[in-house]
Amino acid sequence: MQTGTDTVKKGFASMQKGGVIMDVTSAEQAKMAEAAGAIAVMVLERVPADIRAAGGIARMADPARIKAVMAAVTIPVMAKARIGHFAEAQVLQNIGVDMVDESEVLSVADEERHIDKRAFTVPFVCGARNLGEALRRINEGAAMIRTKGEPGTGDVCQAVRHLRIMNREIAELVKMYPTLIAKKAEELRVPIELVEKVRELGRLPVVNFAAGGIATPSDASMLMQLGADGVFVGSGIFKSNIPESYAKAIVEATNQFDQPDVIARVSENLGEPMKGMERPDVRMQERGN
Amino acid sequence: MNIAILGLQGAVTEHISATRRAMEKLGLKGDVTWAKSRSDIKESDGVILPGGESTTISRLIEKNGLKEALMEKPIFGTCAGMILLAKQGDDQVAQTGQTLLGRMDIQVNRNAFGRQRESFQSDITFEPDAPAFLREKPFAGVFIRAPCIETTWGDVRILARLDGRIIAAEQGNCIATAFHPELTDDTRVHEYFLQKVAKRL
């Protein structure tokens, strides 16, 4: 019997597909997310919009808070560690969270290197703005990628931008002349086998969610139509006027993303979405590349 | 033959590709579809309920009014799909208030093997009275936050156990596994399901 294998880690990510992973800060919020149909919850001290407002250094959540959420819900529980902060990740693995997010939403702990994720039995999800970032994270052992947006802004633009970049780069790679692959792998700073795998599959070799700035059912539908395997919603739910309605509506929109009549129905009378901001001072997406 | 993979949430593409490979091995002609609507299910000859989160999938089955259509078809359920096939759940299932299809006389224990930390791979040996081709070599079992079957009644046949726990069973035209054959190259359980479906055609 083997635990923490690559198959088991990537398999966990596969089970999340088509789902919505919601940021929560308490057991009550987690229960609400579960009741709304969230596939998993992500525990933080503050949602990204509040991290922006609070300023200062953002760190891993209090283990007691994470444990309270784990006790309250039956769906998977994830938590964030700072980029490169392997000790925070060790703590999260020790508590028993189902997945660690090495996240740009928190402050950066190591400017030179990310966590060596192969050294862990817990699976990791990491953010990426382009194919190079994604493949470097996968090469470090990430079992799942989420295309970065600009967290806590309620502005979907950056998530769209990065998903389109990723799609374009993969399409170019698939068409690329074989003799150029070695150079491309060198440029992306990853083994050639990984680049060949992307060419063969025509997509990333792990599950890829969209994240950052998703605030409405239509946002979720758009990113799913652009090829995301599912969505993370951070501030978009608990910073809206009626979180419960938004949570349910975004779950349904993610699921029926290609049905405009469904998106129309679930978008009716939702109340105010999160307020959002167009040009934030702090660009979290630039952390960790 | 038309096999519908219930595509509301979870590991759908993995099942599509495993089912296609199984069809090819058996020399069966047919389609494998990503099913989301009532008509997708009604038009199929058999349905696969993939792994994912049973709470989420069961909510979406209700929301989309698919339950009735699912009551009439041969079904193969993996992991979350096995939970949905059961007549009875455990305290966790009760806590989340999910509705089960109740197609098999089994009681399931959700997350019987623990959280992701406890997720594992292990070789499985099928029971002596299981079909011979399932027994000819061990099956690579992939268990992810896996459930198990606590008890069975009626004419349920137990297909496999692991450390005394029931991890696969069949009843009539339904098959349930706690593990994920779709995450491996071994298509034997899929083939067994397709054979069941083919018998009805």
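Residues numbered from 1 in each chain as written. Chains lettered and ligands numbered in written order. Predicted model: local features only at pLDDT ≥ 70, side-chain atom pairs only at ≥ 80, totals over all residues. Heavy atoms only, no water.

(A) Structural view of the overall build of chain A. Of the regular secondary structure elements, chain A holds 13 helices and 9 strands. The C-alpha extent of chain A, read off along each of the three principal axes, is 55 × 45 × 45 Å. Burial analysis of chain A (289 residues in total) assigns 61% to the buried set. Taking the intrachain contacts of chain A between residues at least 6 apart in sequence as the baseline, contacts between residues at least 24 apart amount to 66%. The positive charge centre, built from 36 side chains, and the negative charge centre, built from 38, are 3 Å apart in chain A. (Helix = DSSP H or I, 4+ residues; strand = E, 2+ residues; numbered from the N terminus. Buried < 20%, exposed > 50% of the residue type's maximum accessible area, 1.4 Å probe, protein only. Contact = heavy atoms within 4.5 Å. Lys, Arg positive; Asp, Glu negative; His and termini not counted. Charge placed at Lys NZ, Arg CZ, Asp CG, Glu CD.)

(B) The arrangement of the pairing of strand β3 (residues 46-49) of chain B in detail. All names here are of chain B. Burial along β3 is two-sided: G46 and I48 facing one way and V47 and L49 facing the other are all buried. Relative to β3, strand β1 (residues 2-6) is paired through 3 bridges, and the arrangement is parallel. Paired with A4 across the two strands is V47, which belongs to β3. Pairing of β3 with strand β4 (residues 75-78) involves 3 bridges; the strand directions are parallel. (Pairing = 2+ DSSP bridges.)

(C) Fine view of the pattern of salt bridges. Per the stated rule, a full pass over the model turns up 32 salt bridges over all chains. In this structure, D229(A) and R203(A) form a salt bridge, with 2.8 Å as the shortest nitrogen-oxygen distance. Taken as a pair, D229(A) in the loop between α10 (217-225) and β9 (231-233) and R203(A) in the loop between α9 (192-201) and β8 (207-210) lie far apart in primary sequence, 26 residues in all. Looking at D229(A), the relative accessible area reads 12%, which means it is buried. Between D258(A) and K36(B) there is a salt bridge, with its nearest N and O atoms 4.0 Å apart. With D258(A) in the loop between α12 (243-255) and α13 (260-267) and K36(B) in the loop between β2 (31-35) and α2 (38-42), the pair connects residues from two separate chains. Overall, D258(A) belongs to the partly exposed group, its relative accessible area being 39%. Shared partners join several salt bridges into a network, and the residues in it are K80(A), D101(A), E104(A) and R146(A). (Salt bridge = Lys/Arg side-chain N within 4 Å of Asp/Glu carboxyl O.)

(D) Quick look at the interface of chain A and chain B. Of the residues lining the interface, 39 residues belong to chain A; the matching set on chain B comes to 37 residues. For the pair chain A and chain B, the two sides together bury roughly 3,000 Å², of which 51% comes from carbon and sulfur. The three residues of chain A that bury the most area against chain B are M1(A), M15(A) and T74(A), which together make up 23% of that side's buried surface. D98(A) serves as the salt-bridge partner of R115(B), at 2.7 Å between the closest nitrogen and oxygen. Counting across the interface, chain A meets chain B through 26 residue pairs in polar contact (both at pLDDT 80 or more). Ranked by residue count, the leading element in the side of chain A that touches chain B is helix α1 (residues 6-15) of chain A, at 7 residues. When the residues that make up the side of chain A that touches chain B are grouped by side-chain class, the tally is 16 nonpolar, 17 polar and 6 charged. As paired elements, strand β1 (residues 2-3) of chain A and strand β7 (residues 120-124) of chain B share 2 bridges and run antiparallel to each other. For T3(A), the partnering residue across the bridge sits in β7(B) and is F120(B). (Buried area = accessible area lost by both parts, 1.4 Å probe. Polar contact = N/O pair within 3.5 Å; in protein donor to acceptor, adjacent residues only side chain to side chain. Nonpolar A, V, L, I, M, F, W, Y, C, P; charged D, E, K, R; others polar.)

Keep in mind that these numbers describe shape and distance, not what the molecule does.
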